[in-house]
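Chain by chain, the residues run as shown.
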Amino acid sequence: PNAFGSFRRSSDLAYGGHARQRLDVYKPERPDHRPVVIFFYGGTWSAGRKSNYAFVGAALAERGYVTVIPDYRLYPEVRFPTFVEDGARAVAWVQRHARDFGGDPDHLVLMGHSAGAHIAALLALNPSYLAAAGVRPHSVVGLIGLSGPYALAPDTATLHAIFGAPYTPSNWQPVQFADRTAPPTLLLHGADDKVVSPAHAEKLRDTLLSQGAEVETHLYPGRGHADTIASFTVVARYRTPALKQTLAFLARIEAGARP
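As a starting point, this report considers the structure included with it. (Residues numbered from 1 in each chain as written. Predicted model: local features only at pLDDT ≥ 70, side-chain atom pairs only at ≥ 80, totals over all residues. Heavy atoms only, no water.)

### Topic: the overall build of the protein
Okay, step 1: In terms of regular secondary structure, the protein is built from 9 helices and 9 strands.
Okay, step 2: Since a compact globule built from 259 residues should have a radius of gyration of about 18 Å, the 17 Å found for the protein is in line with a globular shape.
Okay, step 3: Expressed as lengths along the three principal axes of its C-alpha atoms, the size of the protein is roughly 45 × 40 × 35 Å.
Okay, step 4: Sorting the 259 residues of the protein into buried and exposed places 57% on the buried side.
Okay, step 5: Counted over contacts in the protein with a minimum sequence separation of 6, partners at least 24 positions apart contribute 74%.
Okay, step 6: By element, 52% of the accessible surface of the protein is carried by carbon and sulfur atoms, the whole surface being about 10,700 Å².
Okay, step 7: Taken together, the 26 basic and 22 acidic charged side chains of the protein have centroids lying 4 Å from each other. (Helix = DSSP H or I, 4+ residues; strand = E, 2+ residues; numbered from the N terminus. Rg over C-alpha atoms; globule rule 2.2 N^0.38 Å. Buried < 20%, exposed > 50% of the residue type's maximum accessible area, 1.4 Å probe, protein only. Contact = heavy atoms within 4.5 Å. Areas by Shrake-Rupley, 256 points an atom, 1.4 Å probe, with all protein chains shown as cover. Lys, Arg positive; Asp, Glu negative; His and termini not counted. Charge placed at Lys NZ, Arg CZ, Asp CG, Glu CD.)

Structure follows, in structure tokens:
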């Protein structure tokens, strides 16, 4: 573990045998059996590393939430759905070890940005991935999506290679699995996002609402794709109220978890 202010980071803990099946845990100074946040970063399913998102772990751990950031295997080494299955394995590891870090293994919140939001949403909305990994049913109590492609339609050669036969949109689009069993959901998106249209958040929101699920959505005028996640850094926190709204959402989840 490495000491960083009011929390401690335990790095490169293995949740599988591959070199990218590793995760970092950010443990608050005084964890109190609170919901655990598992954050998946973006990078078009082909780039990224957990060490670049320490600021997310710090922002949440400093406010009392055990936070886990996994790496996962990437294209071109793997294609859909392998990276989603890696995410499920990471969630299963967290459930087994949450108490070791002072977290609640039966109150897990899945969170992600961009491609990571896609992974988090598939895990939260399609129960088959977590069930196959051995995660206890109903232990995911919240979903937080930042700038995610929830109705993904591949439009580049790379995306066609990542999301291809024998799979179809009915397999890889999180919106296809949105129903009344979805956990409470928070969707944050820049209204001026040119990478992933805010229409993705609106479509997921409307589908969840039509099914009677609980969903809160915020679209930020004049803000783009990176602004939602950048707002978790100290220097760019002014860009959007994403951190504040995330903490308020987590507080409501926590209140519902306590007797």
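Structure shown, so let's carry the discussion forward.
### Focus: the packing of aromatic side chains
Okay, step 1: All told, the structure shown has 14 aromatic pairs when counted by the stated rule.
Okay, step 2: On the basis of an interplanar angle of 35° and a centroid distance of 5.8 Å, the ring pair of Tyr-53 and Phe-55 is categorised as tilted.
Okay, step 3: Seen from their ring centres, Phe-80 and Trp-172 are 6.5 Å apart, and the 85° between their planes marks the pair as edge-to-face. With a gap of 92 residues between them, Phe-80 in the loop between strand S5 (67–70) and helix H2 (82–97) and Trp-172 in helix H6 (residues 169–172) connect regions that are remote in the sequence.
Okay, step 4: The buried category is assigned to Trp-172, whose relative accessible area is 5%.
Okay, step 5: Taken together through their ring pairs, the aromatic side chains of Trp-45, Phe-80, Phe-83, Phe-163, Tyr-167 and Trp-172 make up a single cluster.
Okay, step 6: Directly above the aromatic system of Tyr-65 lies the positively charged group of Arg-34, at a separation of 4.2 Å from the ring centroid. (Phe/Tyr/Trp six-rings, centres within 6.5 Å; stacked < 30°, edge-to-face > 60°. Lys NZ or Arg CZ within 6 Å of the ring centre and 35° of its normal.)

### A short note on the environment of Ala-251
Okay, step 1: Within the secondary structure layout, Ala-251 lies in helix H9 (residues 242–257).
Okay, step 2: Note: C-alpha distance between Ala-251 and Val-25 (226 residues apart in sequence) is 20 Å.

### Notes on the pattern of salt bridges
Side chains that differ in sign of charge can pair as their charged atoms come close.
Okay, step 1: Applying the stated criterion across every chain yields a total of 13 salt bridges.
Okay, step 2: The shortest N-O distance in the salt bridge between Asp-106 and Arg-136 comes to 2.9 Å. Remark: Arg-136 occurs in the loop between helix H4 (127–133) and strand S7 (140–146) and Asp-106 occurs in strand S6 (residues 103–113); sequence separation between them is 30 residues.
Okay, step 3: Overall, the relative accessible area of 38% leaves Arg-136 in the partly exposed class. (Salt bridge = Lys/Arg side-chain N within 4 Å of Asp/Glu carboxyl O.)

### Notes on the nonpolar core
Okay, step 1: Core analysis: the biggest nonpolar cluster contains 85 residues, and Trp-45, Leu-60, Phe-83, Val-91, Leu-123, Phe-163 and Phe-232 have the highest contact counts within it.
Okay, step 2: Per element, the largest residue contribution to this core is 9 residues, and it comes from helix H3 (residues 115–125).
Okay, step 3: Sequence-distant contacts of Phe-83, defined by excluding residues within four places in its chain, comprise Trp-45, Tyr-72, Arg-73, Val-78, Ile-119, Ile-162 and Phe-163. (Core = buried A, V, L, I, M, F, W, Y, C linked by side-chain atoms within 4.5 Å.)

### Re the packing of H2 against H3
Okay, step 1: Between H2 and H3, whose axes approach to 10 Å, the crossing angle comes to 65°. Taken together, the axes of H2 and H3 lie roughly perpendicular to each other. Note that H2 runs across H3; the crossing there is right-handed. Counted together, Phe-83, Val-84, Gly-87, Ala-88 and Val-91 of H2 and Ile-119, Leu-122 and Leu-123 of H3 form the full contact between these two elements. (Axes fitted to C-alpha atoms, helices over the stretch in contact; angles between N-to-C directions. Parallel < 35°, antiparallel > 145°, perpendicular 65-115°, else oblique. Left-handed = near helix turned anticlockwise from the far one by under 90°.)

### Description of H2
Okay, step 1: When the terminal C-alpha atoms of H2 are compared, their 23 Å separation across 16 residues agrees well with the 22 Å that a helix rising 1.5 Å per residue should span.
Okay, step 2: Burial runs high along H2: 12 of the 16 residues are buried.
Okay, step 3: Within the span of H2, buried status applies to Thr-82, Phe-83, Val-84, Asp-86, Gly-87, Ala-88, Ala-90, Val-91, Ala-92, Trp-93, Val-94 and Gln-95. (Expected span 1.5 Å × (residues − 1).)

### So, the pairing of strand S9 (residues 215–220)
Okay, step 1: Where strand S8 (residues 185–190) meets S9, 6 bridges bridge the pair, whose relative direction is parallel. The residue of S9 that forms the bridge with Leu-186 is Glu-216.
Okay, step 2: Handedness of the β-α-β unit built from S8, helix H7 (residues 199–210) and S9 comes out right-handed. (Pairing = 2+ DSSP bridges. Right-handed = clockwise from strand over helix to strand, strands pointing away.)

### Considerations on H3
Okay, step 1: Taking burial as the measure, the 11 residues of H3 include 11 buried ones, the bulk of the element.
Okay, step 2: Considered for burial, the residues of H3 that qualify are Ala-115, Gly-116, Ala-117, His-118, Ile-119, Ala-120, Ala-121, Leu-122, Leu-123, Ala-124 and Leu-125.

### Comments concerning the side chain of His-189
Okay, step 1: Tracing the backbone shows His-189 in strand S8.
Okay, step 2: A residue is classified by how much of its surface remains accessible, and His-189, at 0% relative accessible area, is buried.
Okay, step 3: Among the polar contacts listed, one links the side chain of His-189 to the backbone oxygen of Ser-197, at a separation of 3.4 Å.
Okay, step 4: With residues near it in sequence (within four places) discarded, His-189 still touches Ser-147, Gly-148, Val-196, Ser-197, Pro-198, Ala-201, His-218, Leu-219, Tyr-220 and Thr-228. (Polar contact = N/O pair within 3.5 Å; in protein donor to acceptor, adjacent residues only side chain to side chain.)

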